[in-house]
Amino acid sequence: MSERSVNKFWSLAVLGVLGVVFYFVPLGLASSVVAPEIVSPTWINSDPLKMEELRGKVVMVEFWTFGCWNCRNIEPYVKEWHKKYEKDGLVVIAVHSPEFDHEKEIGKVKSYVKENNISYAVPIDNDFRNWRQYKNRYWPTLYVIDKKGTIQYTRIGEGAYEQTEETIQRLLAEPS
């Protein structure tokens, strides 16, 4: 192998590693961006919620779909945080953005929500408007928004449950 080939190989290897790193960088990082409004003609368990009206509360926006196993795996944690911190000012908004056509059926989403005892707000995002506004790319993704309406934490996928809960606790402890 020539020196040029070796250099080319290592350059490509480094670029590949950097690509993987930057692909997963958002895991658990703060973004400090004002949270976009959640817009949907259909809300389950709630009237439409407005970010402006939620100032003074900590908001968790979850992008999920009922057919996603990773979404189902984090669901018990989201439910527990809702139950544990709702009285302290945590508001959970679980934006249902379907991956497949059968997940667009509102009746199926309502059935899933009822069967799985999901009691927090579930806006339907069949047109992916909210998905695009948040520049979301993955199921599930959690955005934790501070009392001023700024995204302070993003978690893509499963895991980092302690880190996520610590973020919720820290933001709830901050003054309004």
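In short, a report on the structure. If you're wondering where the values come from, they're calculated on a predicted model, not measured in any experiment.

Along its length, the protein chain carries five helices and seven strands. Start at the N end of the protein chain and walk to the C end: the helices and strands fall as α-β-β-β-α-β-α-β-α-β-β-α. Here the protein chain holds 176 residues, and 44% of them are scored as buried. Considering only residue pairs separated by 6 or more positions, the protein chain has 76% of its internal contacts joining residues 24 or more positions apart.

Right, let's talk about the sheet that holds strand E7 (residues 150-156) for a bit. Reading across the sheet, the five strands line up as E1-E7-E6-E3-E4 and stay open at both edges, with mixed pairing between neighbours. Edge strands, defined here as strands with exactly one partner in the open sheet, are strand E1 (33-34) and strand E4 (90-96). Sheet topology places strand E3 (residues 58-64) next to strand E6 (residues 141-145); five bridges connect them, and they run antiparallel. Looking at E6, one finds that Glu62 is bridged to Leu142.

Moving on to the pairing of E4. Counting buried positions along E4 yields seven of seven residues, so the element is predominantly enclosed. Across the two faces of E4 the burial is the same, with Leu90, Val92, Ala94 and His96 and Val91, Ile93 and Val95 all buried. Crossover E3 to E4 through helix H2 (residues 69-85) is right-handed.

What follows concerns the nonpolar core. One finds Met60, Trp64, Val78, Trp81, Leu90, Val122 and Ile168 to be the most contacted residues of the largest nonpolar core, which totals 28 residues. Broken down by secondary-structure element, the contributors of at least two residues to this core are E3, H2, E4, helix H3 (106-115), E6 and helix H5 (161-173). For this core, the element with the most residues is H2, which contributes five residues. Non-local contacts of Val122, meaning those with residues more than four positions away in its chain, are made with Thr42, Trp43, Ile44, Asn45, Trp64, Ala94, His96, Val109 and Val113. By size, the runner-up hydrophobic cluster in this structure holds 18 residues, among which are Met51, Val95, Tyr134 and Ile151.

What follows covers the side chain of Thr164. Looking at the element boundaries, Thr164 is found in helix H5. At 2.8 Å, the side chain of Thr164 and the side chain of Tyr153 are in polar contact.

About the thresholds
- Residues numbered from 1 in each chain as written.
- Predicted model: local features only at pLDDT ≥ 70, side-chain atom pairs only at ≥ 80, totals over all residues.
- Heavy atoms only, no water.
- Helix = DSSP H or I, 4+ residues; strand = E, 2+ residues; numbered from the N terminus.
- Buried < 20%, exposed > 50% of the residue type's maximum accessible area, 1.4 Å probe, protein only.
- Contact = heavy atoms within 4.5 Å.
- Pairing = 2+ DSSP bridges.
- Right-handed = clockwise from strand over helix to strand, strands pointing away.
- Core = buried A, V, L, I, M, F, W, Y, C linked by side-chain atoms within 4.5 Å.
- Polar contact = N/O pair within 3.5 Å; in protein donor to acceptor, adjacent residues only side chain to side chain.

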